[in-house]
Amino acid sequence: MKKRHQQKLIILSVGLLLAFNMPLLLLFDSSEAVLGLPLIYVYIFSVWLLSILVSLFVFMRYYE
């Protein structure tokens with residue numbers, strides 16, 4: 001794996017560490033709902049989906 005791909009994955013990991021940190025999670029812990037789902041669930045699963053898509057993009061560029 002090239003050095004720049006490793007760096008992108010490390011940046012993604014640090015970003016996920018910050019995104020799933022308790023103070024940031026508490027910002028989304030409210031009684032509001034989006035399409036009937038609590039806001040914190042929407043936040044967690046959207047960050048999770050975004051991280052999967054970004055890592056997929058990095059790995060697809062690696063194998064080309």
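Cut-off values and rules
Residues numbered from 1 in each chain as written. Predicted model: local features only at pLDDT ≥ 70, side-chain atom pairs only at ≥ 80, totals over all residues. Heavy atoms only, no water. Helix = DSSP H or I, 4+ residues; strand = E, 2+ residues; numbered from the N terminus. Buried < 20%, exposed > 50% of the residue type's maximum accessible area, 1.4 Å probe, protein only. Polar contact = N/O pair within 3.5 Å; in protein donor to acceptor, adjacent residues only side chain to side chain. Contact = heavy atoms within 4.5 Å. pLDDT = per-residue confidence, 0-100. Patch = residues over 30% accessible without salt bridge, like charges linked within 9 Å, V, L, I, M, F, W, Y side chains within 5 Å. Areas by Shrake-Rupley, 256 points an atom, 1.4 Å probe, with all protein chains shown as cover. Salt bridge = Lys/Arg side-chain N within 4 Å of Asp/Glu carboxyl O. Lys, Arg positive; Asp, Glu negative; His and termini not counted. Charge placed at Lys NZ, Arg CZ, Asp CG, Glu CD.

### Here's the deal with the side chain of S51
Link 1 in the chain: Secondary-structure assignment places S51 in helix α3 (residues 39-62).
Link 2 in the chain: Under the relative-accessibility criterion, S51 is labelled buried at 9%.
Link 3 in the chain: There is a polar contact of 2.7 Å between the side chain of S51 and the backbone oxygen of W48.
Link 4 in the chain: Ignoring anything within four residues of it in the chain, the contact list for S51 reads L12 and L16.

### Focus on the confidence of the model for the protein
Link 1 in the chain: A residue-level look at the protein finds 94% of positions with pLDDT of 70 or above and a mean pLDDT of 89.
Link 2 in the chain: Per-residue pLDDT, averaged within each element of the protein, yields its smallest value for strand β1 (residues 33-34) (88) and its largest for strand β2 (residues 37-38) (92).

### Concerning a positive patch on the surface
Link 1 in the chain: Together, K2, R4, K8 and R61 make up a region of like positive charge exposed at the surface.
Link 2 in the chain: Secondary-structure assignment places R4 in helix α1 (residues 3-19).
Link 3 in the chain: A residue is classified by how much of its surface remains accessible, and R4, at 48% relative accessible area, is partly exposed.

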